[in-house]
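These are the residues of each chain, in order.
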Amino acid sequence: MILSKKLSQEKIVIFFVAFIIFTVNLKLLLFIILSPFSEDSLLILLFLFLLIISLSATLLAITFRKTIKPILIIFLLGSSVFSYALNNFDLLMSQNIISENSTIKSTSLIGLINPMSFFYFFILGLMPSYFLLKIELIDLSFKNLIFQKIKILVILILIFILLAFGLSKLVDFPLKHNNPITLQLINISKTVVPIKNYLLK
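Everything quoted here is computed from the prediction, not taken from an experiment. (Residues numbered from 1 in each chain as written. Predicted model: local features only at pLDDT ≥ 70, side-chain atom pairs only at ≥ 80, totals over all residues. Heavy atoms only, no water.)

(A) Quick look at the overall build of the protein. Within the protein, the regular secondary structure consists of 8 helices and 0 strands. Helices (α) and strands (β) of the protein occur, in sequence order from the N terminus, as α-α-α-α-α-α-α-α. A total of 201 residues make up the protein; the buried ones form 39% of that total. Carbon and sulfur atoms make up 73% of the accessible area of the protein, which amounts to about 12,000 Å² in all. (Helix = DSSP H or I, 4+ residues; strand = E, 2+ residues; numbered from the N terminus. Buried < 20%, exposed > 50% of the residue type's maximum accessible area, 1.4 Å probe, protein only. Areas by Shrake-Rupley, 256 points an atom, 1.4 Å probe, with all protein chains shown as cover.)

What follows is the structure, given as structure tokens:
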């Protein structure tokens, strides 16, 4: 079990980043489950692994032992809320919480607080954060820590290059408008833009 032993910072980052990417992209995972042998499913897997590698490499490059857990907890809590909004976007539109002109109505924000949003926050945010706090980090010397970080970063970058090369050979860009990844990116933008507009107004 993940809580039964100490883990390196690199393993913790990759594990929880994968969890965050998968939970935010639940609709893409559902598509893979329903159509496991389609070309789009392979494309989605490559896309998700590229996201995992990119975010993992970024966090490993900018975090250290004392900062990794707080940063991951912020990511977990934020992604749980974002996952709820993204996976229930049609519902938010129908309730007029997010309007057609990409704004969030302040008076409708109370509509975001419901049993389902609490479920997302608890299952995808609070519980993983609790598990993360319980995990002990392997204590490495500064020299070994830097060497480990460099080694993992090089491996992640090489895998990223290989996956990106394979993706470029597999797919003709730009993606079609009905491609699952395109639809997911559109939904993400429709969720992010109103939040940005609300925070900056």
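(B) Summary view of the packing of helix 2 (residues 26–34) against helix 3 (residues 39–62). The interhelical angle for the contact between helix 2 and helix 3, taken along N-to-C directions, is 145°, at an axis separation of 9 Å. Between helix 2 and helix 3 the crossing geometry is left-handed. Only Asp40, Ser41, Ile44, Leu45, Phe47 and Leu48 of helix 3 make contact with helix 2, whose side of the interface consists of Leu28, Leu29, Phe31 and Ile32. (Axes fitted to C-alpha atoms, helices over the stretch in contact; angles between N-to-C directions. Left-handed = near helix turned anticlockwise from the far one by under 90°. Contact = heavy atoms within 4.5 Å.)

(C) Region of the structure containing the packing of aromatic side chains. Within this structure, the stated rule accounts for 3 aromatic pairs. Consider the rings of Tyr84 and Tyr120, whose centres lie 5.5 Å apart with planes at 70°: the pair is edge-to-face. Residue Tyr84 is located in helix 4 (residues 65–87), and its partner Tyr120 is located in helix 6 (residues 115–134); the two are separated by 36 residues in the primary sequence. (Phe/Tyr/Trp six-rings, centres within 6.5 Å; stacked < 30°, edge-to-face > 60°.)

(D) Inspection of the side chain of Ser80 at higher detail. Within the fold, Ser80 resides in helix 4. Overall, the relative accessible area of 1% leaves Ser80 in the buried class.

(E) Representation of the nonpolar core in the model. The biggest cluster of nonpolar side chains holds 35 residues, and the ones touching the most others in it are Ile12, Phe16, Val17, Leu72 and Leu132. For this core, the secondary structure elements donating two or more residues are helix 1 (9–24), helix 2, helix 3, helix 4 and helix 7 (142–170). With 11 residues, helix 3 is the single largest residue contributor to this core. Not counting the four nearest positions on each side in its chain, Leu72 is found in contact with Ile12, Val13, Phe16, Leu59 and Leu132. (Core = buried A, V, L, I, M, F, W, Y, C linked by side-chain atoms within 4.5 Å.)

(F) Highlighting the packing of helix 4 against helix 6. Remark: helix 4 packs on helix 6, axes separated minimally by 9 Å, with the N-to-C direction vectors making an angle of 160°. Comparing the axis directions of helix 4 and helix 6 gives the class roughly antiparallel. When the axes of helix 4 and helix 6 are compared, the crossing they make is right-handed. In this structure, helix 4 uses Lys69, Leu72, Ile73, Leu76, Leu77, Ser80, Val81, Ser83, Tyr84 and Asn87 to contact helix 6, whose residues at the interface are Met116, Ser117, Tyr120, Phe121, Leu124, Gly125, Leu126, Pro128, Ser129, Leu132 and Leu133. Taken together, the residues that form the contact of helix 4 with helix 6 break down as 14 nonpolar, 6 polar and 1 charged. (Parallel < 35°, antiparallel > 145°, perpendicular 65-115°, else oblique. Nonpolar A, V, L, I, M, F, W, Y, C, P; charged D, E, K, R; others polar.)

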